[in-house]
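Survey of secondary and tertiary structure
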Amino acid sequence: MITRRTLAAAAAALALLGLPAAAQDWKAKYPELTLAVIPAENASGTVERYTPLAGYLGKALGVPVKLRVASDYAAVIEGQRAGNIQIGYYGAASLSRAVMTGVKIEPVASPKHETGISGYYSVVYVLASSPYRTVADLKDKNLALVDPNSTSGNQAPRFFLRRAGYDVDKFFGKVFFAGSHENAVLALTQGTADAAANFWNSAADNNLARMLTKGIVKDAQGRPMTKDDFRIVFKSDLLPGDAYAVLSSLPDDLKAKIRDALLALPTADKAAFDRLSDGKDLGIIPATIQDYQPVIDMLRFNDEQRKKS
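1. Points about helix H9 (residues 207-214)
Three or four residues apart is the spacing at which side chains of an α-helix point the same way, because the helix has 3.6 residues per turn. For H9, the set of buried residues is Asn207, Leu208, Ala209, Arg210 and Met211. In this structure, the buried residues of H9 make contact with helix H3 (43-61), strand S5 (121-127), helix H8 (181-189), strand S8 (195-200), strand S9 (230-235) and helix H11 (270-277). The N-capping residue of H9, defined by a side-chain oxygen 3.2 Å from the backbone nitrogen of leucine 208, is asparagine 206. Glycine 215, located one to two residues past H9, shows a positive phi value of around 75 degrees.

2. Remarks on the pattern of salt bridges
For the structure shown, the criterion picks out 22 salt bridges. Between arginine 49 and glutamate 41 there is a salt bridge, with the nearest N and O atoms lying 2.6 Å from each other. Like arginine 49, the residue glutamate 41 is buried in the burial classification. For the salt bridge of aspartate 274 with lysine 270, the shortest nitrogen-to-oxygen distance reads 2.6 Å. Here the residue aspartate 274 and the residue lysine 270 both occupy positions in helix H11, the gap between them amounting to 4 residues, near one helical turn. A single network of salt bridges, built from pairs that share partners, joins Glu41, Glu48, Arg49, Glu182, Lys214, Arg275 and Asp278.

3. Looking at helix H10 (residues 252-268)
With 17 residues, H10 extends 22 Å from end C-alpha to end C-alpha; this agrees with the ideal 24 Å at 1.5 Å per step. Considering bend angle alone, the principal kink of H10 is centred on leucine 262 and spans about 30 degrees; proline proline 266 follows within four residues of it. For H10, the set of buried residues is Leu254, Lys255, Ile258, Ala261, Leu262, Leu265 and Pro266.

4. A word on the side chain of asparagine 154
Mapped onto the secondary structure, asparagine 154 falls in helix H6 (residues 151-163). Reaching out from asparagine 154, the side chain makes a polar contact with the backbone oxygen of proline 148 at a distance of 2.9 Å. Setting aside its immediate chain neighbours within four residues, asparagine 154 contacts Leu145, Asp147, Pro148 and Phe177.

Rules of the game
Counting restarts for each chain, with residues numbered from 1 along the sequence as it is written. Two thresholds apply to this predicted model, a pLDDT of at least 70 for residue-level local features and 80 or more for giving and counting side-chain atom pairs, whereas whole-chain, interface and lining totals are computed over all residues. To obtain the side-chain values, all non-hydrogen atoms of the structure were used and water was disregarded. Accessibility here uses a 1.4 Å probe with only protein chains present; expressed as a share of the type maximum, an area under 20% marks a residue as buried, one over 50% as exposed, and anything in between as partly exposed. Runs of E in the DSSP output that reach at least two residues are strands. Runs of H or I that reach at least four are helices, and both are numbered from the N terminus. Here a residue-residue contact requires only that any non-hydrogen atoms of the pair lie within 4.5 Å. Two N or O atoms count as a polar contact when they lie within 3.5 Å, although within protein this holds only if one can serve as hydrogen donor and the other as acceptor, and sequence-adjacent residues are included solely when both atoms are side-chain atoms. Salt bridges, as used here, are contacts in which a Lys or Arg side-chain nitrogen is within 4 Å of a carboxyl oxygen on Asp or Glu. What a helix should span is 1.5 Å times the count of its residues minus one. One axis fitted to the seven residues ending at a residue, another fitted to the seven starting there: the angle between these axes is the bend at that residue.

Function cannot be read off these values alone, since they describe shape.
Structure follows, in structure tokens:
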């Protein structure tokens, strides 16, 4: 027979172990967790890049972690809004948009790049063989963006180009969303765009460099291309880095375990960590929502400009 004395003894034993009674319950409620990532590259490439991370997290947390490759940035936002995605990997703008639209999430960790910081830049590429050497040369030309909720592939170019005197929707002849960072580059190489926005961590680590390493960048005639075939005509200010974010509704001990597992990844499973950036990143550091306030402000500015136009 279970008595109050029995329950009290059990609670005391858990306290002595440093494990609150509530901490024992989360595995029953969450026998499986879902990690969803934004589509920076094609689906198969994303699966190959993040599957080792999902496996590592499953071992570290003690429950299976299922990888979900989102079809677009909004899918991660809405999946976390619905509570179906416990861990989301975001760009700064998509994370900020989620928070701005009421999704209850908490950023917990961010990758530290080879530059020693977690931030990155937005750049606009053109082909080196083209006559375009500045943004001004792209008047009435076609610009490939990435996704409405992409930081480097939409929000940052709009904000920083406007600051430089170029209204994206009025200056370019055609602006379209390619769907992923890879697709934006491919639109440029295949001639459907004259310029393409993308992310850039450093000269050695950027989406274009990763695509070149995989050998998937070819010109319209099928010739393999190199970094010398591209030119950057615009670069933004430094942006806050991507982040892993967890549902605020998760038990505190589970959120702590996820954060600690991510921070430990570079040493606990170096192969899985290196796979995420092709070995370029140096580590993973803590992140908080305060880190993304500049991006929230940037999105609010862009939203106001869109309403005015």
